2 protein chains.
Amino acid sequence: MADVAESERRILVAVDEGEESMHALSWCLKNVVSQNSKDTLILLYAKPPRAVYTALDGTGRREDPSGYLFSSDILAAMEKYGAEVAACVIEKAKKMCKDLQQDVKVETRVENGDPRDVICQMAEQLGADVLVMGSHGYGLIKRAFLGSVSNHCAQNVKCPVLIVKKPKTNAFSK
Amino acid sequence: MADVAESERRILVAVDEGEESMHALSWCLKNVVSQNSKDTLILLYAKPPRAVYTALDGTGRREDPSGYLFSSDILAAMEKYGAEVAACVIEKAKKMCKDLQQDVKVETRVENGDPRDVICQMAEQLGADVLVMGSHGYGLIKRAFLGSVSNHCAQNVKCPVLIVKKPKTNAFSK
């Protein structure tokens, strides 16, 4: 993989609704993707398990992950919510790609499942040359369900992994 | 940091005697460093605590990390050994930079201490725009002493961290 010419790389970027993943995408577009290259950027959004939507709702109450406690209306509403979030995140990411690297080829994937598993599986399945992601992602509540996604991926993905944190201060800016 | 122009980046690469860190450096030179850029590559070797040299010797026997059990001759020999390893690693890394990216500016640093602490401190002190390292490093025996260096750095370094694994197979090659 290290020998893949820069102009042929498949760069997998895991995006979510958090600002940090958009910062990671931005950093990647500015620092990894080459001008006028044939790099392909693959934007991946993992639609987390149902239990996570409920956490995302911010109620913080414990739910049966099977959704057993929910009426079909609520389940349908949660599915719709999840789909809308996915579409919104992908749209935002695609716009950023166009704004920062007009020429880069962009593919998008929305997959269902625990982001930790989805990202690792997709990195392998898509033959990614590098995986780019934020260090946190999925917010405090979702992390309580999912654990640290980036730690898991850094340990389990075979290709190089670039973890980009959103600076809280300008200490590192020049 | 994400806004630092590509041509001004300070790229910190943690190198050690393991093949994986050289693979990470090679991948960085091919995929991150830009041709004819003003990137500065900073090669950092952390000279680990004395107890680690003894482990590195492969004896595997438990030692007093303070070196209490060693004669001054042995201590001097171990220090000399450590300095020689550092010089060898840095030389090898500098040659790889010259071979793969003739124009890139290269600085070298050899610091004493636990690589986990040294790398995190240097990333901040040197104002690194990105930290590049192998995923394991320091070999099985040293890891037993040091734990996973890359996990620690990915969690504690503020700048983006690129973790490059040495592929065991060609599964990901194209």
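Here is what the cut-offs are and how they apply
- Residues numbered from 1 in each chain as written.
- Chains lettered and ligands numbered in written order.
- Predicted model: local features only at pLDDT ≥ 70, side-chain atom pairs only at ≥ 80, totals over all residues.
- Heavy atoms only, no water.
- Helix = DSSP H or I, 4+ residues; strand = E, 2+ residues; numbered from the N terminus.
- Buried < 20%, exposed > 50% of the residue type's maximum accessible area, 1.4 Å probe, protein only.
- Contact = heavy atoms within 4.5 Å.
- Areas by Shrake-Rupley, 256 points an atom, 1.4 Å probe, with all protein chains shown as cover.
- Pairing = 2+ DSSP bridges.
- Lys, Arg positive; Asp, Glu negative; His and termini not counted.
- Salt bridge = Lys/Arg side-chain N within 4 Å of Asp/Glu carboxyl O.
- Polar contact = N/O pair within 3.5 Å; in protein donor to acceptor, adjacent residues only side chain to side chain.
- Axes fitted to C-alpha atoms, helices over the stretch in contact; angles between N-to-C directions.
- Parallel < 35°, antiparallel > 145°, perpendicular 65-115°, else oblique.
- Left-handed = near helix turned anticlockwise from the far one by under 90°.
- Nonpolar A, V, L, I, M, F, W, Y, C, P; charged D, E, K, R; others polar.

- Per an unreviewed UniProt entry, chain A carries the name UspA domain-containing protein and comes from Prunus persica.

1. Structural notes on the overall build of chain A
- Regarding its fold elements, chain A presents six helices and five strands.
- Ordered by position in the sequence, the α and β elements of chain A form the string β-α-β-α-α-β-α-β-α-α-β.
- Here chain A holds 174 residues, and 52% of them are scored as buried.
- Taking all contacts inside chain A whose residues are at least 6 apart in sequence as the whole, residues at least 24 apart take part in 79%.
- Working note: accessible area of chain A is about 8,100 Å², and carbon and sulfur atoms make up 51% of it.

2. Here's the deal with helix H4 (residues 115-125) of chain A
- Of all the positions in H4 of chain A, only Pro 115, Val 118, Ile 119, Cys 120, Met 122 and Ala 123 of chain A are classed as buried.
- Gly 127 of chain A sits one or two residues past H4 of chain A and shows a positive phi near 60°.

3. Observations concerning the pairing of strand S5 (residues 161-164) of chain B
- Every second residue of S5 of chain B is oriented toward a common face, with Val 161 and Ile 163 of chain B on one face and Leu 162 and Val 164 of chain B on the other, all of them buried.
- Across three bridges, the pairing between strand S5 (residues 161-164) of chain A and S5 of chain B is antiparallel. From the neighbouring strand, Val 161 of chain A faces S5 of chain B, where its bridge partner is Ile 163 of chain B.
- Two strands pair when backbone bridges link them, and strand S4 (residues 130-134) of chain B and S5 of chain B are joined in this way by four bridges, in the parallel orientation. Following the sheet pairing, Val 132 of chain B is matched in S5 of chain B by Leu 162 of chain B.

4. So, the side chain of Lys 165 of chain A
- Along the chain, Lys 165 of chain A turns up in the segment after S5.
- Here Lys 165 of chain A occupies a buried position and makes no salt bridge, while the nearest side chain of opposite charge, Glu 20 of chain A, is found at 7.3 Å.
- Looking at Lys 165 of chain A, its side chain comes within polar contact range of the main-chain oxygen of Ala 154 of chain B, at 3.0 Å.
- The contact partners of Lys 165 of chain A, leaving out residues within four places of it in the chain, are Glu 20, His 23 and Ser 135 of chain A together with Ala 154, Gln 155, Asn 156, Val 157 and Lys 158 of chain B.

5. Quick look at the packing of helix H1 (residues 19-31) of chain A against helix H3 (residues 72-100) of chain A
All names here are of chain A.
- Between H1 and H3, the least distance of the axes is 10 Å, while the angle of their chain directions is 25°. Between H1 and H3, the crossing angle belongs to the class labelled roughly parallel. Classified by chirality, the crossing of H3 by H1 is right-handed. Residues Met 22, Leu 25, Ser 26, Leu 29 and Lys 30 of H1 lie in contact with H3, whose contacting residues are Val 89, Lys 92, Ala 93, Met 96, Cys 97 and Leu 100.
- Of the residues belonging to the contact of H1 with H3, the class tally is eight nonpolar, one polar and two charged.

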